[in-house]
Amino acid sequence: AQAEVVYTAQPEKETLPQTTKPQFQPIPPLTEAPEVGTVLANIQQRDENGEMQFTVPYQWCAVGQCTWYARGRFQEIYGIELPFFGNARVWAERAAKYPEFEVITDLWNMPAQAIAVYAPKTDKSLPGHVCFIEYVEYDEAGMPLNIYYTDANGKHDTAKNEYTAGCDGAVVKESFDTFKETSQLALVGYILPKNAV
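Residues numbered from 1 in each chain as written. Predicted model: local features only at pLDDT ≥ 70, side-chain atom pairs only at ≥ 80, totals over all residues. Heavy atoms only, no water.

## A short note on the overall build of the protein chain
We apply this condition: Numbering goes from the N terminus for both helices and strands, where a helix is a DSSP run of H or I of at least four residues and a strand is a run of E of at least two. Classification of residues uses two cut-offs on accessible area relative to the type maximum, computed with a 1.4 Å probe and protein chains only: under 20% is buried, over 50% is exposed, and between them is partly exposed. Note on definitions: a residue-residue contact is assigned when non-hydrogen atoms from the two residues lie within 4.5 Å. Working definition of accessibility: Shrake-Rupley area with a 1.4 Å probe, residue cover restricted to the visible protein chains.
Scanning the protein chain for helices and strands turns up three helices and eight strands. Going from the N terminus to the C terminus, the protein chain shows its helices and strands as β-β-α-α-β-β-β-β-β-α-β. Within the protein chain, the fraction of its 197 residues that count as buried is 41%. Put simply, 61% of the contacts in the protein chain that link residues at least 6 apart link residues at least 24 apart. Within the structure as shown, the protein chain displays about 11800 Å² of accessible surface, and the carbon and sulfur contribution to it stands at 51%.

## What to know about unusual backbone geometry
If you check the backbone angles, A62 has positive phi at about 65 degrees while not being a glycine. Looking at the element boundaries, A62 is found in the loop between β2 (52–54) and α1 (66–78). Overall, A62 belongs to the partly exposed group, its relative accessible area being 33%.

## Digging into the confidence of the model for the protein chain
What counts is decided by this rule: Residue-level confidence of the predictor, termed pLDDT, takes values from 0 up to 100.
Mean pLDDT over the protein chain works out to 89, with 88% of the residues at or above the 70 mark. In the predicted structure, residues 1–21 sits below a pLDDT of 50 and forms two contacts with residues beyond four places in sequence or in another chain.

## Overview of the nonpolar core
Using the following cut-off: Throughout this description, the term nonpolar core refers to a set of buried Ala, Val, Leu, Ile, Met, Phe, Trp, Tyr and Cys residues connected via side-chain atoms within 4.5 Å.
Core analysis: the biggest nonpolar cluster contains 42 residues, and W91, I115, F179 and Y190 have the highest contact counts within it. Leave out the neighbours within four places in its chain, and F179 touches M110, A116, Y118, C131, I133, I147, Y149, E174 and L187.

## Brief notes about the side chain of T55
In this structure, T55 sits in the loop between β2 and α1. Not counting residues up to four positions away in its chain, the partners in contact with T55 are N42, I43, Q44 and Q45.

## Notes on the pattern of salt bridges
Definition in use: Put simply, a salt bridge is a Lys or Arg side-chain nitrogen that is within 4 Å of an Asp or Glu carboxyl oxygen.
As enumerated under the stated definition, the model contains six salt bridges in all. A salt bridge links E134 to R73; the shortest N-O distance between them is 2.9 Å. Of the two residues, E134 sits in strand β5 (residues 129–138) while R73 sits in helix α1, which places them 61 residues apart along the sequence. In this pair, the class of E134 matches that of R73, namely buried. The shortest N-O distance in the salt bridge between K121 and E181 comes to 2.7 Å. In this pair, K121 sits in the loop between β4 (114–120) and β5 while E181 sits in the loop between α3 (176–180) and β8 (185–193), placing the two residues 60 residues apart along the sequence.

## Quick look at the environment of K173
Summarising the element assignment, K173 is placed in strand β7 (residues 172–175). By relative accessible area, which is 42% here, K173 ends up partly exposed. Sequence separation between K173 and A33 is 140 residues, and the spatial gap between their C-alpha atoms is 9.3 Å. Contacts of K173, omitting those with residues within four sequence positions, involve V36, E137, N146, I147 and Y148.

## Side note on the packing of aromatic side chains
As a reminder of what qualifies: Note on ring pairs: Phe, Tyr and Trp rings are taken, using the six-membered ring of Trp, and paired if centres are within 6.5 Å. Classes follow the plane angle, with under 30 degrees stacked, over 60 edge-to-face and the rest tilted. Sitting over a ring, as applied to charges here, requires NZ of Lys or CZ of Arg to be within 6 Å of the ring centre and within 35 degrees of the ring normal.
Taken as a whole and assessed by the stated rule, the structure comprises 17 aromatic pairs. Seen from their ring centres, F74 and F101 are 6.1 Å apart, and the 65 degrees between their planes marks the pair as edge-to-face. Residue F74 is located in helix α1, and its partner F101 is located in strand β3 (residues 101–104); the two are separated by 27 residues in the primary sequence. Judged by its relative accessible area of 0%, F74 falls in the buried class. What links up through ring pairs into an aromatic cluster is the set F74, Y78, F85, W91, Y98 and F101. Across from the ring centre of W60, 4.4 Å away, lies the NZ or CZ of R71, which sits over that ring.

If you want it as structure tokens, here you go:
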């Protein structure tokens with residue numbers, strides 16, 4: 001004789017009331033220019049054993065790359081984890097396909113707290129570059145004048161393709177003309193959460 005199997009309804013999982021869940025508050029924009037060379041990002045902290053560990057936004061692959069840093073800084077500022085977009089050169093194009101992101105391609109309409117995306121000018125095999133715009137100084141006409149940004153594996157990084165404490169995430173100041181392009185890369189747009197501007 002076979003034993004009769006009796007199925008009983010499982011109790012629904014208990015959920016915490018909405019008010020008890022921690023609410024993420026975006027980090028507000030800077031009200032003045034940050035000091036060049038300072039690291040604004042909270043990339044690492046000591047754990048209970050005194051060992052340095054990457055904080056949650058920076059705990060993913062490609063450590064030391066520009067995409068690793070920009071993705072982590074975006075999450076640190078907005079609490080939004082970006083999908084994996086691939087090489088930096090395609091980030092603006094891919095982010096535009098998601099309704100939760102806004103991509104600005106008018107380069108003169110530069111927002112702070114945005115990811116700047118660079119694509120190769122001619123050699124399409126280059127991976128491109130991304131950085132995080134921390135603060136923008138505008139001229140009397142409202143045009144970007146000086147840009148304060150942070151990145152990893154950029155033109156000022158002394159140790160490429162690896163995390164360098166004190167260098168990765170350090171504030172760099174450049175004029176808008178310098179910021180727009182390098183010999184091989186050109187600025188193509190900015191990525192923000194929808195309704196952030």
